[in-house]
Protein chains: 2
Amino acid sequence: MISQKMEQLGKKSSVIREIFEYAKKRRAEIGDDKVFDFSIGNPSIPAPAAVNEAIRRLTAEQDPVALHGYTSAPGDLGVRGKIADQITRRFGMEASAATIYMTCGAAASLTISLHAIVNEGDEVVVLAPFFPEYRVFAEKAGATLTVVKCREEDFQIDFDTLDSAITDKTKAIIVNSPNNPSGVVLSLDTIQKLTALLDKKQQEYGTHIFLIADEPYRELVYAMEVPYLPLYYKNTIVCYSYSKSLSLPGERIGYVFVSPRMDNAGDVFAAVCGAGRALGFVCAPSLLQYTIGECLNETANIDAYRKNRDLFYETLTDIGYKIARPDGAFYLFMKALEDDAYTFCERAKKYELLLVPSDSFGFEGYVRLAYCVAYDTIERALPAFRALYNDYQESK
Amino acid sequence: MISQKMEQLGKKSSVIREIFEYAKKRRAEIGDDKVFDFSIGNPSIPAPAAVNEAIRRLTAEQDPVALHGYTSAPGDLGVRGKIADQITRRFGMEASAATIYMTCGAAASLTISLHAIVNEGDEVVVLAPFFPEYRVFAEKAGATLTVVKCREEDFQIDFDTLDSAITDKTKAIIVNSPNNPSGVVLSLDTIQKLTALLDKKQQEYGTHIFLIADEPYRELVYAMEVPYLPLYYKNTIVCYSYSKSLSLPGERIGYVFVSPRMDNAGDVFAAVCGAGRALGFVCAPSLLQYTIGECLNETANIDAYRKNRDLFYETLTDIGYKIARPDGAFYLFMKALEDDAYTFCERAKKYELLLVPSDSFGFEGYVRLAYCVAYDTIERALPAFRALYNDYQESK
């Protein structure tokens, strides 16, 4: 009667949600400090002080009718211009307000982009492990999801598999680097091979294949520069969010940037505007737009994440765990000590370690550890990881 | 290649947009005070001071990680509870957080509700004149729009036409009272006849027909109480926005309230959650949610609108214009002085009067006047309306 698909989506409780409820119960039973919950990927550091200062300044000084009034549908022209200037300054990539659409966060950036370009029956390629909502977003836009697993040795792209997965129906590939859940950053070499392959396939099929760069974790890298995809491939759409870079996950503010290098950039941007309109997204919240415009040069202090990663990754590796090289985001992707990640997670619970099995990310046999937690939580959890490891060694 | 529908939606410039551009040009030519622009329906009064005070207090006093962090997908439980309590206190309607979903404004409330309940091929009924985006939202959700014209004598529902327009495929009817563009409030008598008809049709077809109450203008009424639809019909979904009541149109904050009286309220609410998720809307901006929670008893000072309406309506009626009874919102719906509203609007331009022809609202032969402008703009425009009227009288 109502939409069965939507009803099921609303009712399906996620693995992470179940762990959240279990953690709450367990904390009440044995105490907060005894439960080591690494399941939640929420920023744990505060927004830079400049953000709240900008909000207070804007509300104190600006005309409230203008401040809280409608901006144009794609967002305030001044804010979009500042973002474009920053893209140009930072990456050497030409950009203007004309192809930037302010959105209500990363999810909105993705749904608007997908609805803009997808026609019923198109295929969208994702690289596993991947953020599970990609499937929900792509299917709602009318696409079929094609999952291509990354190479297990380094979680870079497996080009043989990707080559055979791209068809004449492939409308887009979503690239998420730094990656949730693996923390891996795609190397420049991988990006160059990827764009060469996409160029070849476009020519072969006479189609356009869009590269959707989902970049909420761009600023969360610890030892490298993340290649800026529009510089390497003209049919790129960047989906950005300030959730992580400014530690504002609840504020849902970001943008879509359609590369002006693509042949039909104006048409694609028009389709982005049309999709924003049809989905109910015109004019991202104005106060947040103006706040972003005031804080473009700010970044949350990610040193805490780096410190966490160093301790966590090095100690777990020393113990004997196998972990994907974590160059960014705030996740470790660790190989389970048995084939079935669910069973492994159940056994970890005996040590009060709450981990997310990797199956929902489209890649079995691993667990995701979110290290956006207090440093001492990691310190106190390490003996439990050691005990869990020894437990497996002894039972061999 | 990309979505043609979305591209066209993004490219189609609206009548109002064209008037906006014309007004800009004309102001530059003859001066701001010589152009009388009644085309834009943006609140012109400031938000109550309590709103900015709440924002400053929250940013100064709350832990920034919590304040700017994710709330649960349907929104913060505390804020939703406060809204539910207000619904109960104000309307005597039972409500709880369990069926309230915080949204990014009125458009989002509507798209989420429609995607939750519509299956491909369903019909959604709207009452003309109607907000043109209803068509965009309903068609994107997979529905066909059925337009039922209101009675011209009082712009209440024409029940003969409505009776024959409802079929076994009718999934919902959208009711917008006070109405954009007419400013008309549906009477209690109309509401009672409507719900009786819907009950009869549900029984006849063995279907559920949802009443979507689109209520952004609820607080903008000048001499009456607007009937609260969930009290009269159990399959009601309320789409609310604080855009007008708190004069925060740019901030895009509102909610969906699924009446707990409907038989399958839990399933419908799950579908609302699923649609919010699939469209990319989970967790409305957190700072704005908390701000609303602090300002529930505030309303923007609408006396300015009332004063505008009284002067505008009374004087235009005295001149001889025929206008729908404007009990709410900030619009007058005035009969054009010739059959073709476009030609009438062109002739009005000679007097520097910028009016919106009613055709895009699905009701020909009228114009919409938005009176959310400065009082003296109306005062200064009245002689031009008189001259326009005389012009028509003389040319008869």
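Look up a bit, the structure's there.
In every chain, residue numbers begin from 1 and rise along the written sequence. Chains carry letters and ligands carry numbers; both start at the beginning, A for chains and 1 for ligands, and go up in the order they are written. Per-residue local features of the predicted model are confined to residues with pLDDT of at least 70, and side-chain atom pairs are confined, for both listing and counting, to 80 or more; whole-chain, interface and lining totals are unaffected and use all residues. With hydrogens and water excluded, all non-hydrogen atoms of the structure serve as input to the side-chain values.

All names here are of chain B. With 17 residues, helix 12 (residues 303–319) should cover 24 Å at 1.5 Å per step; its first-to-last C-alpha distance of 24 Å lies within 8% of that length. The set of residues buried in helix 12 consists of Tyr305, Asn308, Arg309, Leu311, Phe312, Thr315, Leu316 and Ile319. The criterion used for residue contact is that any of the two residues' heavy atoms lie within 4.5 Å. Under the DSSP-based scheme used, a helix requires at least four consecutive residues in state H or I and a strand at least two consecutive residues in state E, with every element numbered from the N terminus. Structurally, helix 12 contributes buried residues whose contacts are with strand 9 (331–335), strand 12 (366–370) and helix 14 (375–394). To estimate how far a helix should extend, the number of its residues minus one is multiplied by 1.5 Å. For the exposure calls, accessible area comes from a 1.4 Å probe over protein chains only, and a residue counts as buried if that area is under 20% of its type's maximum, exposed if over 50%, partly exposed in between.

This next bit is on the pattern of salt bridges. All names here are of chain A. Every case where a carboxyl oxygen of Asp or Glu lies within 4 Å of a side-chain nitrogen of Lys or Arg is listed as a salt bridge. According to the stated counting rule, one finds 62 salt bridges over all chains in the structure shown. Across the salt bridge formed by Lys335 and Glu152, the nearest N and O atoms sit 3.0 Å from each other. Placement of the pair is Lys335 in strand 9 (residues 331–335) and Glu152 in the loop between strand 4 (144–149) and helix 8 (159–165), with a sequence separation of 183 residues. Classification of Lys335 by relative accessible area gives partly exposed; the value is 30%. Measuring nitrogen to oxygen at the nearest pair gives 3.0 Å for the salt bridge that ties Lys193 to Asp189. Pair noted here: Lys193 and Asp189 are both in helix 9 (residues 188–205), with a separation of four residues, about one helical turn. Under the relative-accessibility criterion, Lys193 is labelled partly exposed at 44%. One network of salt bridges, with partners in common, ties together Lys25, Arg26, Glu29 and Glu352.

This paragraph deals with the side chain of A:His115. Considering the arrangement of structural elements, one finds A:His115 in helix 6 (residues 106–117). Two N or O atoms count as a polar contact when they lie within 3.5 Å, although within protein this holds only if one can serve as hydrogen donor and the other as acceptor, and sequence-adjacent residues are included solely when both atoms are side-chain atoms. Side chain to side chain, A:His115 and B:Lys140 meet in a polar contact 2.9 Å long. Setting aside residues up to four positions removed in sequence, A:His115 forms contacts with A:Lys140, A:Ala141, A:Ala275, A:Leu279, B:Ser3, B:Met6 and B:Lys140.

Reports often express the size of an interface as the amount of accessible area lost when the parts come together. Contacts between the two partners involve 70 residues from chain B, matched on the other side by 70 residues from chain A. Defined here as a combined quantity, buried area equals the accessible surface (1.4 Å probe) lost by two parts on assembly, summed across both. Interface area for chain B against chain A, summed over the two sides, is near 5700 Å², with a carbon-plus-sulfur share of 58%. It is B:Met1, B:Tyr70 and B:Arg277 in chain B that bury the most area against chain A; as a group they hold 14% of the surface buried on that side. Among the ionic pairs, B:Glu133 bridges to A:Arg277, the shortest N-O distance being 2.7 Å. The tally of links between chain B and chain A comes to 40 residue pairs in polar contact (both at pLDDT 80 or more). Take the side of chain B that touches chain A: its biggest share by element is ten residues, from helix 10 (residues 265–279) of chain B. Residues are grouped as follows: Ala, Val, Leu, Ile, Met, Phe, Trp, Tyr, Cys and Pro are nonpolar; Asp, Glu, Lys and Arg are charged; all remaining types, including Gly, are polar. Residues of the side of chain B that touches chain A, tallied by class, amount to 39 nonpolar, 19 polar and twelve charged.

Now for the relation of the copies chain B and chain A. Relating the two copies of this chain is a rotation about some axis coupled with a shift parallel to it. A least-squares superposition brings the copies together, and it is based on the C-alpha atoms of residues with pLDDT no lower than 70 in both. Rotating chain B by 180° and translating it 0.0 Å along the rotation axis places it on chain A, where the RMSD comes to 0.0 Å. Put plainly, the chains are arranged around a two-fold axis. Every residue of chain B has its C-alpha some distance from the rotation axis, and the shortest such distance is that of B:Arg56, at 2.7 Å. The share of interface residues of chain B whose copies in chain A are also at the interface is 100%, consistent with both copies meeting through the same surface.

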